[in-house]
Every structure is written in structure tokens, then in C-alpha cells.
Amino acid sequence: MQKYYFLLLCLFPLMSCSQNRTSEPNAETTDKLLPQQNFTTLKFEADGKPCIALINNRYIGYKEKSKFPLSLFIMVSTIEKNKDGHPDEKESEIFNTLQTDIISELSQVLGPYCYVGTTTMPGYRDILLYINPQDREKATDILKKLKGKYSRIDTISFEEDVEWEAVSSFYEAISLKN
């Protein structure tokens, strides 16, 4: 499983926070808004079961949260799982491919966005993003199309979260860990 997290760490600098959008007229501004990234793995429990979060460190102390006040959480069901409800090796590969496809498709239509990370919970994984509210309809359209293509995409949820409270405990844990 560790090699898959390593793979994720290698892939996401290419995709998150629209870093591949250098042709935009405001790319210089976007680069100033979005700090450099690396990821921290956090282990925690939910309902007595082990869980894992892979969280993007770039948003520790991030001052521009108000520019991305809408959380977008994409829940992906785990079909082939171990005793803890976590994906087996084959399922992890499927998830990684699916996640890459989701991020790639969103990158083509959204303005700047913030890829916070993923959580692995018993029976599912969440992809955690923060976007500008004006991109909600575009994101919904893309994700509905992908949901039709990939049955593992379970739910897509948006929530107004200007202070990023939904992910604040992860950033608090990272600060304590360091």
C-alpha cells in the first residue's frame, strides 16, 4: 500500500491546484496564490476502524482560503477490500486511475482549485477539493459524466466552507506531528 501512496505523491504535483494551466493569462497570479506542495500521511480511527488521510501540506497556514470557499468531496466506493474495509492492491490501482481521471477532467474545465488530499475510510475513499463557487456547475457536469462512466463514484457533495473547517483537524494533526 505504501508504494501507492508514493505513486500518488508523484502524480499530484502535476495535477493539483491547476499547476498544469500555465497558458492562462492569470497563471502568474495563481502561482502566487497557491504555495508549493508535499503530502503527509495521517493515521486515525473512525468507529474503531483504522483510517488513513493523505493530506497536502501546501495549505498549512494558507491565507487565501476565502478564494476557494466551496468544498467538493467525491466519495468513491471500495469494492475489493481487506478486513479493515480498505482497498486491496488491485482496488488501490483502480482508485488511483479513477482519481487521476477525475482530477484531469476537472483541471480541463475549472479555474484554479485546491487539491487537499484523500481519506481512506472503511468501505470508501474521499477525494477532497476546494473550489471557487463559480465553478460549481462545471464541476457538477464533469462529475455527473464521470459518475455515469465509473460506478465506484458514489456521492459528490458541495458545502460552503470559507474557513475549511471540514479539513482543519487534518492540518491541526500535521502541525502536532511536526
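The structure under discussion appears in the preceding block.
All values reported here derive from a predicted model rather than from experimental measurement. (Residues numbered from 1 in each chain as written. Predicted model: local features only at pLDDT ≥ 70, side-chain atom pairs only at ≥ 80, totals over all residues. Heavy atoms only, no water.)

(A) Spotlight on the overall build of the protein. Along its length, the protein carries five helices and six strands. Across the protein, helices and strands are ordered from the amino to the carboxyl terminus as α-α-β-β-β-α-β-β-α-β-α. Counting only residues that meet the buried cut, the protein has 48% of its 178 residues in that class. Taking all contacts inside the protein whose residues are at least 6 apart in sequence as the whole, residues at least 24 apart take part in 73%. In the form shown here, the protein has an accessible surface area of approximately 9,100 Å², with 50% of it arising from carbon and sulfur atoms. (Helix = DSSP H or I, 4+ residues; strand = E, 2+ residues; numbered from the N terminus. Buried < 20%, exposed > 50% of the residue type's maximum accessible area, 1.4 Å probe, protein only. Contact = heavy atoms within 4.5 Å. Areas by Shrake-Rupley, 256 points an atom, 1.4 Å probe, with all protein chains shown as cover.)

(B) Main features of the nonpolar core. Grouped together as the largest cluster of nonpolar side chains are 23 residues, with contacts concentrated most on L72, I74, I102, L106, I127, L129 and I131. Elements that contribute at least two residues to this core include exactly strand 3 (70-77), helix 3 (89-109), strand 5 (124-131), helix 4 (136-149) and strand 6 (153-160). Considering each element in turn, this core owes the most residues, five residues, to helix 3. I102 has contacts with I74, I127, L143, L146 and I153, leaving out every residue within four places of it along the chain. The next biggest cluster of nonpolar side chains, apart from the first, holds 16 residues, and it includes L42, I55, V167 and Y171. (Core = buried A, V, L, I, M, F, W, Y, C linked by side-chain atoms within 4.5 Å.)

(C) Examining the sheet that holds strand 5 more closely. Spatial strand order, 1-2-4-5-3-6: six strands in an open sheet with antiparallel pairing. Taken across any chain shown, the strands that pair with only one partner, and hence form the sheet edges, are strand 1 (39-46) and strand 6. Within the sheet, the average angular offset between the axes of one strand and its neighbour, ignoring direction, is 20 degrees. The pairing of strand 1 with strand 2 (residues 49-56) spans eight bridges and is antiparallel. If you follow E45 over to strand 2, its bridge partner there is P50. Across the face of the sheet, helix 3 comes into contact with strand 3, strand 4 (114-121), strand 5 and strand 6 while running at roughly 20 degrees to strand 5. With respect to the sheet, helix 5 (residues 165-177) is in contact with strand 1, strand 2, strand 3, strand 4 and strand 5, its orientation differing from that of strand 1 by roughly 110 degrees. (Pairing = 2+ DSSP bridges. Axes fitted to C-alpha atoms, helices over the stretch in contact; angles between N-to-C directions.)

(D) Broad picture of the pairing of strand 3. Burial analysis of strand 3 places six of its eight residues in the buried class, which makes it a mostly covered element. Direction of pairing for strand 3 relative to strand 6: antiparallel, over a ladder of seven bridges. Note on strand 6: the bridge partner recorded for L70 is E160.

(E) Seen up close, the packing of aromatic side chains. Within this structure, the stated rule accounts for seven aromatic pairs. Each member of the aromatic cluster is reached from another via a ring pair, and the members are Y59, Y62, F73, Y130 and W164. (Phe/Tyr/Trp six-rings, centres within 6.5 Å; stacked < 30°, edge-to-face > 60°.)

(F) Looking closely at the pattern of salt bridges. By the definition in use, this model includes six salt bridges. Linking E64 and K67 is a salt bridge whose minimum nitrogen-to-oxygen distance equals 3.6 Å. Classification of K67 by relative accessible area gives partly exposed; the value is 38%. Between R152 and E91 there is a salt bridge, with its nearest N and O atoms 2.8 Å apart. Note that R152 is positioned in the loop between helix 4 and strand 6 and E91 in helix 3, a separation of 61 residues in sequence. Across the pair, E91 and R152 agree in class, each one buried. (Salt bridge = Lys/Arg side-chain N within 4 Å of Asp/Glu carboxyl O.)

(G) Geometry of helix 3. Given a rise of 1.5 Å per residue, 21 residues ought to cover 30 Å, and the 31 Å separating the end C-alpha atoms of helix 3 matches this to within 8%. Where helix 3 is concerned, the buried positions are E91, S92, F95, N96, L98, Q99, D101, I102, I103, E105, L106 and S107. Where helix 3 begins, the side chain of D88 points an oxygen toward the backbone nitrogen of K90, at a separation of 3.3 Å. (Expected span 1.5 Å × (residues − 1). Polar contact = N/O pair within 3.5 Å; in protein donor to acceptor, adjacent residues only side chain to side chain.)

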